Structure formats: structure tokens, C-alpha cells
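# Descriptive structure summary
If you want the building blocks of each chain, they are given just below.
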Amino acid sequence: MDLITTRTLSKAFIEDILKKAESYEKAARDKKNLTVLKGKTLATLFFEPSTRTQMSFQAAMLRLGGTYLGFSNPKTTSSAKGETLADTIRVVEGYADAIVMRHSVEGAPARAAELTDLPVINAGDGSNQHPSQALLDLFTIRKEKGKIDGQTILLAGDLKYGRTVHSLMYALSHYDVDIQLFSPPSLKMPESIVNDIKDRVSVTETSDFGDADVVYATRVQRERFADPEEYQKSLYTIDESMLAKIKTDAIILHPLPRVKEIAPEVDADPRAKYFEQSFYGVPTRMAILDTLLGGSSE
Ligand code: NCD
């Protein structure tokens with residue numbers, strides 16, 4: 001099985017991952033290595049920059065007792081010599097039991113999944129999808145708010161190019177939530193995604209943060225802009241004055257890296273949960289790897 005998109009995931013699959021993630025939280029926190037995936041190897045192929053996603057997949061593999069190999073700078077690999085993705089995948093097939101792949105081309109991980117029988121996990125493809133991030137975002141909401149149902153979740157920032165929010169929209173659509181969208185007019189959530197889920201869940205545009213139980217801020221995706229001026233115009237910041245307008249029991253999330261969207265002064269506020277969120281990437285990715293690589297739950 002592969003994990004390419006949240007669009008087609010069932011609620012049962014999502015709930016199973018969240019339950020397993022819960023069971024792995026302690027090992028992740030204690031940095032204790034289990035033996036669930038002993039003898040298994042994960043290939044981490046990062047054709048685009050990554051800190052958290054790459055390292056938390058690697059940490060997750062180590063915590064499960066497996067190993068990893070891979071690259072994070074495609075310039076040092078044969079793709080810089082013109083090797084095709086198909087050839088790279090065929091070679092990696094001989095070295096690893098599963099593949100985690102990030103690529104700037106939308107659909108590249110899906111193509112890789114067609115080319116190999118190994119499980120392939122999409123760790124971000126262009127502006128399209130980042131499914132493991134959405135699963136860890138759900139896990140974070142459940143941990144920090146007690147439940148997902150009943151929450152008003154505001155997605156802010158670059159809703160057009162941000163793949164994390166695209167994946168999160170589909171993942172949230174299985175729950176009884178209100179989704180609010182806050183973005184500059186040029187960076188709105190693609191209509192196709194809203195249309196896909198609007199029968200299951202309420203999606204509205206908003207201009208204030210006052211109703212949100214979860215504020216999910218995203219980075220304006222500079223690397224996807226052709227026009228630097230358009231990029232400058234799209235920047236926004238959650239700072240102290242904005243904090244006063246957010247509910248006292250809300251949580252503030254961000255997939256990170258942040259640039260200017262959340263001022264550093266916000267970090268000390270008890271509602272700021274984005275660093276916890278990045279930690280939850282480890283137990284969630286342990287759950288994903290366990291599920292896809294067929295380990296038995298410990
Ligand atoms: C995100 C990504 O790569 O899509 N980062 C991440 O994986 N946590 C968000 C971003 O780059 O803005």
C-alpha cells in the first residue's frame with residue numbers, strides 16, 4: 001500500500017493511524033528504539049528541501065528498530081546527470097523496503113508508486129499533497145484539544161500553493177468540523193478541493209480569527225511564485241495584537257518552517273503548539289511506517 005494523497009483515505013484508515021500514533025507516543029518521547037521494523041530499510045528521497053519531514057521519518061524508522069538511507073540534496077545524485085525518476089526508483093528498489101519521496105513535480109510520488117511494488121509515501125509533491133503532515137495535524141488537534149469533532153478550524157495564509165492545507169482539507173472532511181479559510185484573494189483554496197468536500201463539511205471564508213478553536217497558519221510558498229512582488233504582497237503576520245483576537249483556549253498550529261507568519265513573541269503564548277506539532281510527526285510517522293511496512297503493533 002502507498003500513501004500518496006488524503007483525498008481517497010477512509011476514516012477507518014485515518015483512525016487506525018491516529019490510534020497507533022497514540023500507542024507510539026511514549027517511545028517517541030523517550031527516544032526509545034523498539035523492534036517492530038527490525039531488519040527493514042526506508043529510503044528517503046528528498047528532491048526538495050526538508051528538515052522536519054525528512055528527519056521525523058528517519059527518527060520514526062529508528063524508533064521502530066529499522067534503518068534508513070537516502071539523500072536530501074539531489075544535486076549530489078545521478079538525477080543531476082539526467083537520470084530519470086524511473087531509473088532511480090528501480091535502483092532504490094534493490095536497496096530498501098519502502099520509499100519516502102518529496103519532489104517539486106506534482107504527481108511524481110504517484111508515478112513512483114506505479115513503477116514499484118514497494119510502499120511509497122508522498123512527503124510533498126509541489127503544491128499538491130502532503131498526506132503524512134495532515135495525519136500528524138489531526139493527531140496534534142486530538143492531543144491538544146481532546147477531540148477533532150466540534151472544532152472550528154481556521155486555515156490561514158497560502159491556501160493556493162500550500163500542500164499541507166490541501167491534504168488537511170480532505171483529512172478534516174471525515175470529522176464534524178467547521179472549516180474557515182483566511183487568505184489574500186490571490187491565494188485562495190482551489191475551488192476543486194472545496195467542491196470535493198463541501199457536502200461532508202462546512203467550509204466558509206472568514207476575515208477574522210475570533211471563532212477559531214484551531215488556527216492553522218501556513219507559510220507563503222515563495223518558491224512557487226513567478227512574480228516576487230506578488231509574493232511580497234501576500235505576506236501576513238500573527239503577532240501580539242492578533243493574539244488578543246484569538247480565543248483563550250484556541251491552539252495555534254503551523255507545519256513549519258515559518259518565515260514571517262508568526263512573530264517570535266507568540267512562541268511564549270500557551271496557545272502556541274507548533275513545536276509540539278512537529279514532535280507529533282514522529283509517533284504519527286511511526287504509525288504510518290508500521291502500517292505500510294507491515295510491522296505488528298507493540
Ligand atoms: C511544509 C511543506 O514542505 O509542505 N513543511 C513541512 O513539511 N512541515 C510546509 C512549508 O514548506 O511551508
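A quick note: this is a predicted structure, and the numbers were derived from the prediction, not measured.

## Focus on a nonpolar patch on the surface
A surface patch of nonpolar side chains, about 280 Å² in accessible area, is lined by Leu69, Val91 and Tyr95. Mapped onto the secondary structure, Leu69 falls in strand β2 (residues 67-71). We classify Leu69 as partly exposed; its relative accessible area is 35%.

## A look at the domain arrangement of the chain
On domain assignment, one finds that the chain holds domain 1 (11-130 + 280-293) and domain 2 (131-277). On a C-alpha basis, the centres of domain 1 and domain 2 stand 24 Å from each other. Counting from both sides, the interface comprises 27 residues of domain 1 and, opposite them, 29 residues of domain 2. With both sides pooled, the region where domain 1 packs onto domain 2 buries about 2,400 Å², and carbon together with sulfur makes up 54% of that total. At the boundary of domain 1 and domain 2, one finds five salt bridges. When the shortest N-O distance is used, the salt bridge between Glu15 and Arg142 registers 2.8 Å. Applying the counting rule to domain 1 against domain 2 returns 22 residue pairs in polar contact (both at pLDDT 80 or more). When residues of the side of domain 1 that touches domain 2 are traced back to their parent elements, those giving at least two are α1 (11-30), α2 (52-63), β3 (98-103), β4 (120-125) and α10 (274-293). Element by element, the count of residues in the side of domain 1 that touches domain 2 is highest for α1, at eight residues. Here the side of domain 1 that touches domain 2 is composed, by residue class, of eight nonpolar, 10 polar and nine charged.

## Some remarks on the nonpolar core
Core analysis: the biggest nonpolar cluster contains 60 residues, and Leu155 and Leu289 have the highest contact counts within it. For this core, the two domains that each supply at least three residues are domain 1 (11-130 + 280-293) and domain 2 (131-277). Discounting chain neighbours no more than four positions away, the residues touching Leu289 are Leu37, Leu42, Phe57, Ala60, Met61, Leu64, Ile121 and Gly294. Grouped together as the second largest cluster of nonpolar side chains are 24 residues, Leu154, Ala217, Tyr236 and Leu256 included.

## Brief notes about the packing of aromatic side chains
Throughout the structure, instances matching the rule amount to seven aromatic pairs. The interplanar angle of 85 degrees and the centroid separation of 5.1 Å between the aromatic rings of Phe47 and Phe71 together place this pair among those described as edge-to-face. Of this pair, Phe47 sits in the loop between β1 (41-46) and α2 while Phe71 is found in strand β2, placing the two residues 24 residues apart along the sequence. Taking the relative accessible area as the measure of exposure, Phe71 reaches 15% and is therefore buried.

## What about the sheet that holds β3?
If you trace the four strands from one edge of the open sheet to the other, you get β2-β1-β3-β4, paired in parallel fashion. Strand pairing shows two members of the sheet lacking a second neighbour, β2 and β4, which therefore form its edges. Direction aside, the axes of adjacent strands within the sheet are offset by 15 degrees on average. Here five bridges tie β1 to β3, and the two strands are oriented parallel to one another. Note on β3: the bridge partner recorded for Ala43 is Ile99. Each of β3 and β4 is contacted by helix α4 (residues 108-115), which is oriented at about 160 degrees to β4, the strand it contacts most.

Calculation notes
Residues numbered from 1 in each chain as written. Predicted model: local features only at pLDDT ≥ 70, side-chain atom pairs only at ≥ 80, totals over all residues. Heavy atoms only, no water. Patch = residues over 30% accessible without salt bridge, like charges linked within 9 Å, V, L, I, M, F, W, Y side chains within 5 Å. Areas by Shrake-Rupley, 256 points an atom, 1.4 Å probe, with all protein chains shown as cover. Salt bridge = Lys/Arg side-chain N within 4 Å of Asp/Glu carboxyl O. Helix = DSSP H or I, 4+ residues; strand = E, 2+ residues; numbered from the N terminus. Buried < 20%, exposed > 50% of the residue type's maximum accessible area, 1.4 Å probe, protein only. Domains from an automatic or database assignment. Contact = heavy atoms within 4.5 Å. Buried area = accessible area lost by both parts, 1.4 Å probe. Polar contact = N/O pair within 3.5 Å; in protein donor to acceptor, adjacent residues only side chain to side chain. Nonpolar A, V, L, I, M, F, W, Y, C, P; charged D, E, K, R; others polar. Core = buried A, V, L, I, M, F, W, Y, C linked by side-chain atoms within 4.5 Å. Phe/Tyr/Trp six-rings, centres within 6.5 Å; stacked < 30°, edge-to-face > 60°. Pairing = 2+ DSSP bridges. Axes fitted to C-alpha atoms, helices over the stretch in contact; angles between N-to-C directions.

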